[in-house]
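Tertiary structure, described
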Amino acid sequence: MSSAINKENSKMSVDSEREPLLRVRDLKKYFPIHKGILGRHVGDVKAVDGISFDIYPNETLGMVGESGCGKTTAGRTILRLLEPTSGKVYFRDDSIYDLKTEQMRALRRQMQIIFQDPFSSLNPRMTVESIIGEAIEFHGIAKGEERRSIVESLLERVGLQPSYVTRYPHEFSGGQRQRIGIARALALNPDFIVCDEAVSALDVSVQAQVINLLQDLQEEYNLSYLFIAHDLSVVKHISDRIAVMYLGRVVELATTEELFERPLHPYTQALLSAIPTPNPSKKKSRVILKGDVPSPINPPSGCTFHTRCPARFGPCSTVVPRSIEAEPGHFVRCHLYDPEYTTTDPEVWNRLPIPPVDDLPIPKHPDPEPDAGEDATIAKDVEPSETADVEKSAPDEDPKVGAIPAADDTKTGLEGSALQGPADGITPSESAPEE
Ligand code: SF4
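Residues numbered from 1 in each chain as written. Predicted model: local features only at pLDDT ≥ 70, side-chain atom pairs only at ≥ 80, totals over all residues.

**Observations regarding the overall build of the protein chain**
When its secondary structure is counted, the protein chain shows 12 helices and 13 strands. Here the protein chain, with 435 residues, has 42% of them falling under the buried criterion. In the protein chain, once contacts between residues fewer than 6 apart in sequence are set aside, the share between residues at least 24 apart is 63%. (Helix = DSSP H or I, 4+ residues; strand = E, 2+ residues; numbered from the N terminus. Buried ≥ 20, exposed ≤ 12 C-beta atoms within 10 Å, placed from the backbone. Contact = placed C-beta atoms within 7 Å.)

**A look at the site of the ligand**
Close contacts around the ligand come from 13 residues, with Cys-303, His-306, Cys-309, Cys-316 and Cys-334 the closest. Along the lines of polarity and charge, the residues of the shell around the ligand split into 9 nonpolar, 3 polar and 1 charged. (Near = placed C-beta within 6 Å. Nonpolar A, V, L, I, M, F, W, Y, C, P; charged D, E, K, R; others polar.)

**Topic: the environment of Pro-84**
Looking at the element boundaries, Pro-84 is found in the loop between α1 (71-78) and β5 (86-91). Between the C-alpha atoms of Pro-84 and Phe-31, which are 53 residues apart in sequence, the distance is 9.6 Å. Filtering out sequence-adjacent residues up to four positions away, Pro-84 remains in contact with Leu-27, Lys-28, Lys-29, Thr-77 and Tyr-97.

**Examining the environment of Ile-182**
Relative to the helices and strands, Ile-182 resides in helix α5 (residues 174-186). The sequence separation of Ile-182 and Leu-155 amounts to 27 residues, and the corresponding C-alpha distance is 9.3 Å. Sequence-distant contacts of Ile-182, defined by excluding residues within four places in its chain, comprise Ile-114, Val-158 and Leu-213.

**A word on the pairing of strand β3 (residues 40-55)**
Taken together, the 12 bridges between strand β2 (residues 22-35) and β3 define a ladder with antiparallel strand orientation. Across the sheet, residue Phe-31 finds its bridge partner in β3, namely Val-45. In sequence, β2 turns back onto β3 through a hairpin of 4 residues, with Gly-36 there showing a positive phi of about 80°. (Pairing = 2+ DSSP bridges.)

**Considerations on the pairing of strand β7 (residues 111-114)**
Burial along β7 is two-sided: Met-111 and Ile-113 facing one way and Gln-112 and Ile-114 facing the other are all buried. One ladder, built from 4 bridges, connects β7 with strand β8 (residues 192-196); its direction is parallel. Bridge pairing in β8 places Ile-113 opposite Val-194.

**Concerning helix α4 (residues 145-157)**
Three or four residues apart is the spacing at which side chains of an α-helix point the same way, because the helix has 3.6 residues per turn. Taking 1.5 Å of rise per residue, 13 residues should cover 18 Å, and α4 covers 18 Å from first to last C-alpha, within 8% of that figure. Three or more residues of α4 are buried, namely Arg-147, Val-151, Leu-154 and Leu-155. Viewed along the axis of α4, the buried residues span an arc of 100°, placing them on a single side of the element. Facing away from the buried surface of α4 by more than 90 degrees, the exposed residues are Glu-145 and Ser-153. On its buried face, α4 is in contact with α3 (128-138) and α5. Positioned one or two residues after α4, Gly-159 has a phi angle of 90°, which is positive. (Expected span 1.5 Å × (residues − 1). Arc of directions from axis to C-beta.)

**Thoughts on the nonpolar core**
Cys-195, Leu-226, Phe-227 and Val-244 are the most contacted members of the largest nonpolar core, which has 86 residues in total. Not counting residues up to four positions away in its chain, the partners in contact with Val-244 are Val-64, Gly-65, Val-250, Val-251, Glu-252, His-265, Tyr-267, Thr-268 and Leu-271. (Core = buried A, V, L, I, M, F, W, Y, C linked by C-beta atoms within 7 Å.)

**Quick look at the sheet that holds β5**
Taken in spatial order, the 4 strands line up as β3-β2-β5-β6 in an open sheet, and their pairing is antiparallel. Strands at the two margins of the open sheet, each flanked by one partner only, are β3 and β6 (94-95). Those strands touched by α1 are β2, β3 and β5, and its axis lies near 75° from that of β3. (Axes fitted to C-alpha atoms, helices over the stretch in contact; angles between N-to-C directions.)

**Quick notes on unusual backbone geometry**
At Glu-197, a residue that is not glycine, the phi angle is positive and equals roughly 50°. Position of Glu-197 relative to the elements: it lies in the loop between β8 and α6 (204-221). Residue Glu-197 is classed as buried on the basis of its C-beta count, with 20 C-beta atoms lying within 10 Å. Phi at Asn-222 is positive, roughly 55°, even though this residue is not glycine. Secondary-structure assignment places Asn-222 in the loop between α6 and β9 (224-228).

These figures capture arrangement, not role.
Spelled out as structure tokens, the structure:
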């Protein structure tokens, strides 16, 4: 972590030489809450709360996170289907929120979306030719016979019979409908497509076909995708890089390989540990998060993950984590990797509930205690059923946990900040003062 570079408010990217196709900067989308007959503004749903990243030509950026974390809102705001609360999105050199209606209409040819639900996203009263051909005619590309022949060739390209042009959506299966949705997105020959949970509603075998189709089309048309999904296995298969979202913020961004090999953020570690393995007899480490996802109306202060984080410590509940480039191209928003809060104090690291200490890419103290690993909340190489037991005996039971000052507390300026174990099981007298 000595190489950690503070990249606060900078782009989260891996490639400084290539020109990004799309740049997202500190994008926020709040939905106002009004109450009373006067419609008083009483608060906001902070669906997207300051995200920044780049997408390069011919690249797929996967976006994952729990339901309600703001993935879909982010995708729609990037396409300006929703107006942002603040922030910027640049498509090549165009700042899309500054474009006038006519300019935006022209840009829409280059930015398309594939919707999640193949059943509700197609108008049941329109034929396939109308569904796919509508935009072709609207943008003045072709009409009549010429339009039909373009639609037929698009259908063929997505693996459907050209003769289906006269059919209606109800005559197709879910996978076929999604192919129609893909053909519609391709109709204007775009450069960038937001795939919003594009395969989530499909059977696994059909998912594989659609994903392979998306990959073939990317190769053929040099497309860039923002691939939004909650299934990490699917995202792993298709993505070049992955952004992990939690409560409206990107908490980690890295190449797919790096993220799966060395997840840094405790939330990412928990997500990855939940992926089922094909072999049930294979032992796997699991991190079980406690508590519910907080409301985006009133998100927790500091790090929004601190109410569920097994590794939280002093500054977590008060200081918003910065974006840190922990490794080249690997960005994380977590105080554990922020040089300002990083400590080499053995007392602190021995009691972090998310070792295995050896697995963390952070400076290890010079002389670890022999039984340091016993305090881990992550149960390494145990059956899932054993995990619960390990969790119960995790640092909560150590009377000293919650009373160890973080070494760099003086730098944070926080009075009485302390390393805390999981909240459950800690009595007020054992734990740090309420934050
Ligand atoms: Fe957030 Fe702190 Fe946990 Fe990092 S250690 S994820 S900053 S609560």
